Amino acid sequence: MQWLMRPVPALPIIGSFADRLLLADLPDLPPSDRRLAVDFVAHRVDNLPSFTRFGVMVLGFVFRGLLAVPGGFGVAKVLVKLPLPLVAEYPRLIRSLAFAYVWETWPNTTATGAKVAATA
Amino acid sequence: MSMQRATATMDADVLIVGTGAGGATTAAILAEAGLDVLLVEEGDWVEQGAVVPFSLDQMDRQYRSGGVTVALGMPSIAYTEGCCAGGGTEVNSGLYWRPPGELLARWREQFDISDFDPDDLLAIADEVEADISVSTVPGGHTSPSEVLRRGADALGWRNGEIPRWMKYPPSKLASEPRSAVGERQSMTRTYLPRAMKAGARLALRCRVDRLVTNAGSARSAVTTLGDGSRGEITFRDVFVCGGAIQSPALLQRSGIRGHIGRTLAVHPTVKLAARFADALNVPDDVPVHQVKEFAPHLSFGGSASNPGLVALALLDQWATFKHAITQWRNISVYYAAITSEGRGRVRSLPGLKDPLVTYGLTHRDRELLRSGLGRLALLMLEAGATDVYPSFKGAPVVRNRRDLATMQGAFTAARASVMTVHLCSTVPMGEIEGKCGADSFGRVHGCRNIYVNDASLLPTAPGVNPQASVMAVAIRNARRFLDAGGCRG
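Residues numbered from 1 in each chain as written. Chains lettered and ligands numbered in written order. Predicted model: local features only at pLDDT ≥ 70, side-chain atom pairs only at ≥ 80, totals over all residues.

1. Brief notes about the overall build of chain B
- Along the backbone of chain B there are 13 helices and 26 strands.
- Rg of the C-alpha trace for chain B: 22 Å, near the compact-globule value of 23 Å for 489 residues, within the 12% margin.
- If one aligns the C-alpha atoms of chain B with their principal axes, the spans along those axes are about 65 × 50 × 45 Å.
- Counting over 489 residues, chain B shows a buried share of 58%.
- Long-range pairs, those at least 24 residues apart, make up 72% of the contacts in chain B with a sequence separation of at least 6. (Helix = DSSP H or I, 4+ residues; strand = E, 2+ residues; numbered from the N terminus. Rg over C-alpha atoms; globule rule 2.2 N^0.38 Å. Buried ≥ 20, exposed ≤ 12 C-beta atoms within 10 Å, placed from the backbone. Contact = placed C-beta atoms within 7 Å.)

Structural data, given as structure tokens:
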């Protein structure tokens, strides 16, 4: 269990799922900004309290595995809608961190992730 | 001031672990009495103004785990802990509520707390209020704050401005008469400088991993320094003031069990975002009005509402709420907080640095959250909100009273984003060993020289911001320690 706590960086484990999730939620967010948001999420996961981080990393492994098979992301989307405790918390954590980052960093982002010019 | 780099070996008469409302006040009282005091703090000293309040940068630098901490349960409850010099006083709303006298009397009776006279505590509260400049806003209130007043007045609900520990420089007020210009009188501005002026030393980036105990006495602490190296601190007495999560966790890691960490109490809150016709958002401050018509069971207030936090408030029902995000300047976030009958636990697990925190809401808590969110939404409509976005999965947009019934029918606590900022009661004080972790003055039951002096001691969640209660109790206990011949016993 210890090896899941600190030494393994979160980005390789959760990065691909976080990226897909953000692409689905915010399709017009520029890829470079999406990458920054995913990096931010991974950094925050790296600093989670031990037990929470363990849970997130386990779920991260499961979801990364799902993404490796054709149609896996669709399965993952169905899975997170089931009333399964903690499983639904995983995408919620990722989206919470990413959305907070996106709108704090670029407040003039639209609901689809597009940037609009700031108005006076 | 005597801020020092933590070193591998340090010693003091009194070691104080943590620099928040409990630790800073304890340090000031003991240092001014001439004791050799060493304060250790896991985080850094962050000057006011160095970070934007309620920003992600602040969370990185002043919160534990970047502000992403959660008590697991159904639903899980997000909470935050300060992790910097000054602790939670550096990052909270700064709203001040002195402890209600009847609550203090109830604590005394139910937990058999000796020499716990409410009048004495309230006299200490008078001192604290002078020390930290508790005052109301001399200028006008922010628009999000006025929303609470306006909505409550329309409904005939009791409400008022809550004073804050702030100083308001006249020069700034003249140019910008808003509450945001206040200078927070947190621990880094008040009790910590006072303690250091009296000779206390402060070592930053020093985590106490455990106390080395033997037959109920502790003589040293094992530490981890900022560079990852290990250290040791020797002392005669130790005050554990790490807050309601870290204090019981440290005691448990030190092999001290008893009634430690079993009765975590919080004020669970649910939120909504309210949209108005005109711009009102204040990204870097919170409203000073609160609605207390249904207190102590239920209270309403305003939350930080920068664009990132508005997005978070809309997240649970993003599919239908998302288009509101471009109107964030017209949106502010509000909360309904309850006094919970549920309880949580803090458990240190072998091999893990951080404790496992759990919390269970009761059926009554869930119903109170439901009715609280409904009443808060009603208040927003009365205040002129055009759209109300409750923060739970499956929530409808509320635009009129008819929508309120739909909203309350759809609400379940398990679908909601429940959070809290007030954590207490994990080492309750009192003489009943079966329900108290520490005695009437904070000494851990079964231990000779280990004291707790922070929010952990409060027997229950007070129903109001607990900082004033924490400070009054901590000062009382520190003085008692001196009266009892502390460090010479």
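2. A few points about the domain arrangement of chain B
Residues and elements named next belong to chain B.
- What the domain assignment lists for chain B is domain 1 (3-45 + 84-132 + 186-261 + 424-483) and domain 2 (143-182 + 268-420).
- Between the C-alpha centres of domain 1 and domain 2 the distance comes to 30 Å.
- Taken together, the 15 residues of domain 1 in the interface contact 17 residues of domain 2.
- Residue composition of the side of domain 1 that touches domain 2, by class: 8 nonpolar, 6 polar and 1 charged. (Domains from an automatic or database assignment. Nonpolar A, V, L, I, M, F, W, Y, C, P; charged D, E, K, R; others polar.)

3. Considering the nonpolar core
- In this structure, V41(A), L15(B), V37(B), A195(B), V238(B), V310(B) and M380(B) are the most contacted members of the largest nonpolar core, which totals 195 residues.
- Among the domains, domain 1 (3-45 + 84-132 + 186-261 + 424-483) and domain 2 (143-182 + 268-420) of chain B are the pair contributing at least three residues each to this core. (Core = buried A, V, L, I, M, F, W, Y, C linked by C-beta atoms within 7 Å.)

4. Side note on the pairing of strand 22 (residues 356-360) of chain B
All names here are of chain B.
- Here strand 22 shows one buried face, formed by V357 and Y359, and one open face, formed by L356, T358 and G360.
- Across 5 bridges, the pairing between strand 21 (residues 343-347) and strand 22 is antiparallel. Paired with V346 across the strands is V357, a residue of strand 22. (Pairing = 2+ DSSP bridges.)

5. Focus on the interface of chain B and chain A
- Opposite the 28 residues of chain B that make contact, chain A presents 21 residues.
- Elements represented by at least two residues in the side of chain B that touches chain A include exactly strand 5 (69-71) and helix 9 (307-314) of chain B.

6. Points about the sheet that holds strand 12 (residues 206-214) of chain B
Residues and elements named next belong to chain B.
- Spatially, 4 strands are ordered 2-14-13-12 in an open sheet, and the strand pairing comes out mixed. Of all the strands in the sheet, just strand 2 (9-11) and strand 12 have a single pairing partner and so form its edges. Geometrically, the sheet is characterised by an average inter-axis angle of 25° between neighbouring strands, direction not taken into account.
- Pairing between strand 2 and strand 14 (residues 230-234): 3 bridges, direction parallel. Across the sheet, the residue bridging to T9 is E232, located in strand 14. (Axes fitted to C-alpha atoms, helices over the stretch in contact; angles between N-to-C directions.)

7. Describing the pairing of strand 17 (residues 269-275) of chain B
All names here are of chain B.
- Of all 7 residues in strand 17, 7 are buried; the element is thus mostly enclosed.
- The two faces of strand 17 match: T269, K271, A273 and R275 on one face and V270, L272 and A274 on the other face are all buried.
- In the sheet, strand 17 pairs with strand 20 (residues 331-338) via 7 bridges, with the strands oriented antiparallel. Its bridge partner lying in strand 20, V270 is registered against A336.
- As defined by bridge partners, strand 17 adjoins strand 23 (residues 387-390) across 4 bridges and the pair is classed as antiparallel. Paired with A274 across the two strands is V388, which belongs to strand 23.

8. Some details on unusual backbone geometry
All names here are of chain B.
- The omega torsion across M74 and P75 is 5°, close enough to zero to call that bond cis.
- As for its placement among the helices and strands, P75 is situated in the loop between strand 5 and strand 6 (77-79).
- With an omega of 5°, the peptide bond between A295 and P296 qualifies as cis.
- Notably, R205 is not glycine yet its phi reads approximately 50°, a positive angle.
- Along the chain, R205 turns up in the loop between strand 11 (201-204) and strand 12.
- With 16 C-beta atoms packed within 10 Å, R205 lands in the partly exposed category.

9. A closer look at helix 4 (residues 50-67) of chain A
- The terminal C-alpha atoms of helix 4 of chain A lie 25 Å apart, and with 18 residues this matches the ideal 26 Å at 1.5 Å per residue to within 8%.
- Regarding helix 4 of chain A, the residues found buried are S50(A), F51(A), T52(A), R53(A), V56(A), M57(A), L59(A), G60(A) and F63(A). (Expected span 1.5 Å × (residues − 1).)

10. Topic: the packing of helix 11 (residues 363-382) of chain B against helix 12 (residues 401-410) of chain B
Residues and elements named next belong to chain B.
- Between helix 11 and helix 12, whose axes approach to 10 Å, the crossing angle comes to 160°. The angle between the axes of helix 11 and helix 12 places the two elements in the roughly antiparallel class. Between helix 11 and helix 12 lies a crossing of right-handed hand. From helix 11, R370, G374, A377, L378 and L381 reach across to helix 12, where they touch R401, L404, M407 and Q408.
- Partitioning the contact of helix 11 with helix 12 into residue classes produces 5 nonpolar, 2 polar and 2 charged. (Parallel < 35°, antiparallel > 145°, perpendicular 65-115°, else oblique. Left-handed = near helix turned anticlockwise from the far one by under 90°.)

11. Let's talk about the sheet that holds strand 7 (residues 134-135) of chain B
Residue and element names in this part refer to chain B.
- Spatially, the 3 strands line up as an open sheet ordered 7-9-10, and their pairing is antiparallel. Where the open sheet ends on each side, the last strands, each with one partner, are strand 7 and strand 10 (183-184).
- Strand direction decides the pairing type here: strand 7 and strand 9 (residues 164-167), joined by 2 bridges, are antiparallel. The residue of strand 9 that forms the bridge with V134 is W165.

12. Observations regarding the environment of P27(A)
Residues and elements named next belong to chain A.
- When you line up the elements, P27 lands in the loop between helix 2 (11-25) and helix 3 (31-46).
- Residue classification places P27 among the exposed positions, given that 11 C-beta atoms sit within 10 Å.
- Residues P27 and G113 lie 86 residues apart in sequence; the distance between their C-alpha atoms is 6.3 Å.

13. Quick word on helix 11 of chain B
- Along its 20 residues, helix 11 of chain B runs 29 Å from first to last C-alpha, staying within 8% of the 28 Å computed at 1.5 Å per residue.
- Where helix 11 of chain B ends, the next residue or the one after it, G384(B), has phi of about 105°, a positive value.

14. Description of the packing of helix 3 (residues 101-111) of chain B against helix 4 (residues 118-131) of chain B
Residues and elements named next belong to chain B.
- Helix 4 packs onto helix 3 with a crossing angle of 130° between their chain directions and a minimal axis gap of 9 Å. On the basis of the axis angle, helix 3 is oblique to helix 4. When you trace helix 3 past helix 4, the crossing you get is right-handed. Between helix 3 and helix 4, the residues in contact are G101, L104 and A105 and P118, L121 and L122, respectively.
- In the contact of helix 3 with helix 4, the residues fall into 5 nonpolar, 1 polar and no charged.

15. Focus on the confidence of the model for chain A
- In this model, chain A carries a mean pLDDT of 87, and residues with pLDDT of at least 70 account for 89%.
- Summarising per-element confidence for chain A, the mean pLDDT is lowest in helix 1 (residues 2-5) of chain A (51) and highest in helix 3 of chain A (96). (pLDDT = per-residue confidence, 0-100.)

16. With respect to the environment of V473(B)
- Among the secondary structure elements, V473(B) is positioned in helix 13 (residues 467-483).
- Spatially, the C-alpha atom of V473(B) lies 45 Å from that of T406(B), the residues being 67 residues apart in sequence.

17. Structural notes on the confidence of the model for chain B
- Model confidence for chain B is summarised by a mean pLDDT of 94, while 97% of its residues fall at 70 or above.
- Here the predicted complex carries an ipTM of 0.92, next to a pTM of 0.94.

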